[in-house]
Amino acid sequence: MSTETFAAPDGGSKQPPAWKWLTGAGLALAAWGLVYSQLIPASEWLVSRLPVDRASHLGDALAFFFYDTPKVILLLTLIVFAMGVVRSYFSPEKTRALLAGKREGAGNVMAAGLGVLTPFCSCSAVPLFIGFVSAGIPLGVTFSFLIAAPMVNEVALGLLFSLIGWKVALTYLAFGLGVAIVAGWVIGRLKLEGWLQDWVKDIQAGAAVVVPDGRLTFVDRIQLGIEAVKDIVGRVWIWIIAGIAAGALIHGYVPADLMVRIMGADAWWSVPAAVLIGIPMYTNAAGVIPIVEALLTKGAALGTTLAFMMSVIALSLPEMIILRKVLTVRLIAVFVGVVGTGILAVGFLFNVLFQTP
């Protein structure tokens, strides 16, 4: 295993004082927050300047693309910067110990619990997943987070509770966490770290040894965070744009009536069909739950509908496109297979537990 040391800046070259770096970092963070808060009006303004009807399929797709592209890139930049600074304090061994826990599976439980507290859609959760993997956190633990973050969060649970009822919301919480924890644990037990992309393995190997904290100033750590952003964001930004473009087209053009007809069918194949339909789509929990309510009111089976919901926000095609930069095709296939099996099980169980008389 190769090693890397975090070298302090060259003492022979003059650097700005620490207060200038701290002031610059504070101003950059304020600018980040300002830009992030204006993404929705900016995306709507951009669409309004185009010769496109906002209520049309194309207008909806363009608004989605103009909003999600900068949102995900901003999240990726902030999270990777923060992870770069944190990695200067802790070795991967300490980070693994923090998340992996003292017994088998505890790290998966902790990561899934963290995911519940982060109301991200699947593509927004990917930046933090990349940060976890590049920091050397066990692969199965990172997958537990990636599954739980978009699928089981307070937004999804609150909307399910208000629209459908507490029994469904509580059962969804239990089964959603179960899928995230068990799927992550299974992937971890398979020992598939060798199926990561080479550049990610190089980062993990290079971070195996960290020099004592005393050799680095806080300015050095800020610089390391900036270098992490240049390295990782520079590698994945094109994949993010491609993934969100695919999601925007699907978001704007997929017909709802077709899904209702298939998902409302009282047949064994309705659950796997709903999952297959959901995978190419892309939205967050807040966006898909109103669709779930509409599908249920039109006669779709509860388990089939929730399996569709889980597949949309945990196994979206845009997410797979972005993850392709980090994971090999074989590892993505294992991820989809394991999580898809869990979602199918949830769908069938829900149809049994909540059968209409």
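My aim in this report is to walk through the structure given alongside it, one point at a time.

What counts, and where the lines are drawn
Residues numbered from 1 in each chain as written. Predicted model: local features only at pLDDT ≥ 70, side-chain atom pairs only at ≥ 80, totals over all residues. Heavy atoms only, no water. Axes fitted to C-alpha atoms, helices over the stretch in contact; angles between N-to-C directions. Helix = DSSP H or I, 4+ residues; strand = E, 2+ residues; numbered from the N terminus. Parallel < 35°, antiparallel > 145°, perpendicular 65-115°, else oblique. Left-handed = near helix turned anticlockwise from the far one by under 90°. Contact = heavy atoms within 4.5 Å. Nonpolar A, V, L, I, M, F, W, Y, C, P; charged D, E, K, R; others polar. Salt bridge = Lys/Arg side-chain N within 4 Å of Asp/Glu carboxyl O. Buried < 20%, exposed > 50% of the residue type's maximum accessible area, 1.4 Å probe, protein only. Phe/Tyr/Trp six-rings, centres within 6.5 Å; stacked < 30°, edge-to-face > 60°.

Once that is clear, we can look at the packing of helix α5 (residues 106-116) against helix α7 (residues 139-151). At a minimum axis distance of 7 Å, the contact between α5 and α7 shows a crossing angle of 30 degrees. What the angle tells us is that α5 and α7 run roughly parallel. When the axes of α5 and α7 are compared, the crossing they make is right-handed. Note on element contacts: α7 touches α5 through Gly140, Val141, Ser144, Phe145, Ala148 and Ala149, opposite Gly107, Asn108, Ala111, Ala112, Leu114 and Gly115. For the contact of α5 with α7, the residue count by class is 7 nonpolar, 5 polar and no charged.

This next bit is on the pattern of salt bridges. In the structure shown here, the tally under the stated rule is 4 salt bridges. Among the salt bridges present, the one from Asp68 reaches Lys71, with a minimum N-O distance of 3.5 Å. Here Asp68 pairs with Lys71, and both are found in helix α3 (residues 57-87), just 3 residues apart, close to one helical turn. For the pair shown, Asp68 and Lys71 are each scored as buried. In this structure, the salt-bridge partner of Lys230 is Glu227, at a minimum N-O distance of 3.8 Å.

So, about the packing of aromatic side chains. Counted by the stated rule, this structure contains 4 aromatic pairs. Look at Phe143 and Phe335: their rings are 4.8 Å apart centre to centre, the planes differ by 25 degrees, and that puts the pair in the stacked class. With a gap of 192 residues between them, Phe143 in helix α7 and Phe335 in helix α17 (residues 329-353) connect regions that are remote in the sequence. Phe143 sits in the buried class, given a relative accessible area of 0%.

Before going further, it helps to spend a moment on unusual backbone geometry. Of note in the backbone geometry, Lys191 takes a positive phi value of approximately 55 degrees without being a glycine. Tracing the backbone through its elements, the reader meets Lys191 in the loop between α9 (166-189) and α10 (198-206).

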